Amino acid sequence: MLIPHHVVLPAGSYVIKRLNTVTPVVQILNESETKVYATLLTNLDFVMNPPDKPVFTFQEMPEGPPALKSWYYPGRQTAYEFIMGR
């Protein structure tokens, strides 16, 4: 999986969490939360029918693995869209 800033994460388990409820800043960490892979500013997106569990969407890339496109936070009308740099 590709995340912004062209960081490729191998298959595995990760923790993705909001840093607070006011700003759209998200962190991606390893499963034990001892290593931060990225701290990212995201675009907020409104969701009419929020999911009851986390949902991730991906974007096909011209080369390499798919990129993480968005994260739908369970029970919230806010989704986080990841900004892919060039």
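What you see is a predicted model; the values in this text were computed from it and never measured. (Residues numbered from 1 in each chain as written. Predicted model: local features only at pLDDT ≥ 70, side-chain atom pairs only at ≥ 80, totals over all residues. Heavy atoms only, no water.)

**Notes on the overall build of the protein chain**
1) Next: Helix and strand counts for the protein chain come out as zero helices and eight strands.
2) Next: If you list the helices and strands of the protein chain from N to C, you get β-β-β-β-β-β-β-β.
3) Next: Over its C-alpha trace the protein chain gives a radius of gyration of 13 Å, about what one expects of a compact globule, namely 12 Å for 86 residues.
4) Next: Principal-axis analysis of the C-alpha atoms places the extent of the protein chain at approximately 35 × 30 × 20 Å.
5) Next: The buried share of the protein chain, reckoned over its 86 residues, is 30%.
6) Next: Here the contacts in the protein chain between residues at least 6 apart in sequence split such that 40% fall between residues at least 24 apart.
7) Next: Only carbon and sulfur atoms are counted for the fraction: they give 53% of the accessible area of the protein chain, which is about 5,700 Å². (Helix = DSSP H or I, 4+ residues; strand = E, 2+ residues; numbered from the N terminus. Rg over C-alpha atoms; globule rule 2.2 N^0.38 Å. Buried < 20%, exposed > 50% of the residue type's maximum accessible area, 1.4 Å probe, protein only. Contact = heavy atoms within 4.5 Å. Areas by Shrake-Rupley, 256 points an atom, 1.4 Å probe, with all protein chains shown as cover.)

**Here we look at unusual backbone geometry**
1) Next: Backbone geometry places E33, a non-glycine residue, at a positive phi of 60°.
2) Next: Judged by relative accessible area, E33 falls into the partly exposed class, the value being 40%.

**A look at the nonpolar core**
1) Next: Ranked by size, the top nonpolar core spans 11 residues in total: I3, L9, I16, V26, I28, A38, L40, L68, W71, Y80 and F82.
2) Next: Sorting the residues of this core by element identifies β4 (25-30), β5 (36-46), β7 (67-72) and β8 (78-82) as the ones contributing at least two each. (Core = buried A, V, L, I, M, F, W, Y, C linked by side-chain atoms within 4.5 Å.)

**Focus: the pattern of salt bridges**
1) Next: Enumeration over the complete set of coordinates arrives at one salt bridge.
2) Next: Between K17 and E33 there is a salt bridge, with its nearest N and O atoms 2.9 Å apart. One end of the pair, K17, is in strand β3 (residues 14-18); the other, E33, is in the loop between β4 and β5, and 16 residues separate them in sequence. (Salt bridge = Lys/Arg side-chain N within 4 Å of Asp/Glu carboxyl O.)

**Focus on the environment of I28**
1) Next: Residue position: I28 is located in strand β4.
2) Next: The sequence separation of I28 and K17 amounts to 11 residues, and the corresponding C-alpha distance is 6.8 Å.
3) Next: Apart from the residues lying within four places of it in its own chain, the contact partners of I28 are I3, L9, V15, I16, K35, V36, Y37, A38, L40 and L68.

**Here we look at the pairing of β4**
1) Next: The buried fraction of β4 is high, at six of six residues.
2) Next: Bridge count between β3 and β4: five bridges; the pairing is antiparallel. Its bridge partner being in β4, K17 is matched across the sheet by Q27.
3) Next: A loop of six residues connects β3 with β4, the two strands running antiparallel in sequence. (Pairing = 2+ DSSP bridges.)

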